[in-house]
Amino acid sequence: MDVREFLNENDGYVNTLGQLGALKQRDQLLAKQEEQIEAMNAQTKALEDRNKIEADRAEIESQRLDAEEAQRELQRQQAEHLRQLRNLMADSLTSLQQLKRAMPAS
């Protein structure tokens, strides 16, 4: 075997080793990218969860404001009914007093 054959034979081994090294690097890079994707997916899920919580809070706040508005409306209606009742009672008292004057006691 001469030097040229030896170098050609060893060159094939070196190429194979280089290709194996490149494959290993590619696999490591893919593994790192997979880890990054998993981390990004976890962050996305956390953000989605936070957004859902915020949406739920906004809905609860909206319902609370609606309930407060309904409570104010109920109080306004009760006050109006009370005012009407007082007016009716005053009118009734006036009518009774007028009736009493119109029909003296015997």
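Use the structure listed above.
Quick caveat: nothing in here was measured; it's all calculated off a predicted structure. (Residues numbered from 1 in each chain as written. Predicted model: local features only at pLDDT ≥ 70, side-chain atom pairs only at ≥ 80, totals over all residues. Heavy atoms only, no water.)

### Side note on the overall build of the chain
Our working rule: Only runs of H or I of at least four residues qualify as helices and only runs of E of at least two qualify as strands under DSSP, and these elements are numbered from the N terminus. Relative accessibility thresholds used throughout: buried, under 20% of the residue-type maximum; exposed, over 50%; partly exposed, between the two (1.4 Å probe, protein chains only).
Secondary structure summary: the chain contains 1 helix and 0 strands in total. A total of 106 residues make up the chain; the buried ones form 0% of that total.

### Here's the deal with a nonpolar patch on the surface
Cut-off, in case you're wondering: Patch members must show over 30% relative accessible area and no salt bridge, and they are joined within 9 Å when carrying like charges or within 5 Å when they are nonpolar side chains of Val, Leu, Ile, Met, Phe, Trp or Tyr. Per-residue and other accessible areas were derived by the Shrake-Rupley procedure at a 1.4 Å probe size, with only the shown protein chains allowed to occlude residues. A side-chain nitrogen of Lys or Arg and a carboxyl oxygen of Asp or Glu constitute a salt bridge if their distance falls within 4 Å.
Taken together, the side chains of Leu82, Leu85, Leu88 and Met89 make up a nonpolar region of the molecular surface, amounting to roughly 390 Å² of accessible area. Checked against the element boundaries, Leu88 lands in helix H1 (residues 3-102). A residue is classified by how much of its surface remains accessible, and Leu88, at 52% relative accessible area, is exposed.

### Quick word on the pattern of salt bridges
Across all of its chains, the model carries 9 salt bridges by this definition. Arg26 serves as the salt-bridge partner of Asp27, at 3.5 Å between the closest nitrogen and oxygen. The exposure class assigned to Asp27 is partly exposed, which follows from its relative accessible area of 43%. A salt bridge links Glu61 to Arg64; its shortest N-O distance comes to 2.4 Å. Of this pair, Glu61 and Arg64 both sit in helix H1, 3 residues apart, roughly one helical turn. Under the relative-accessibility criterion, Glu61 is labelled partly exposed at 35%. Salt bridges sharing partners connect three or more residues here, namely Glu61, Arg64 and Glu68.

### Overview of the environment of Glu68
As a reminder, the rule being used: Between N or O atoms, a polar contact is any pair within 3.5 Å; within protein, one atom must be a potential hydrogen donor and the other a potential acceptor, and residues adjacent in sequence are included only when both atoms are from side chains.
Position of Glu68 relative to the elements: it lies in helix H1. The class for Glu68 is partly exposed, based on a relative accessible area of 31%. Here Arg64 takes part through its side chain, which lies 2.2 Å from a polar atom of the side chain of Glu68.

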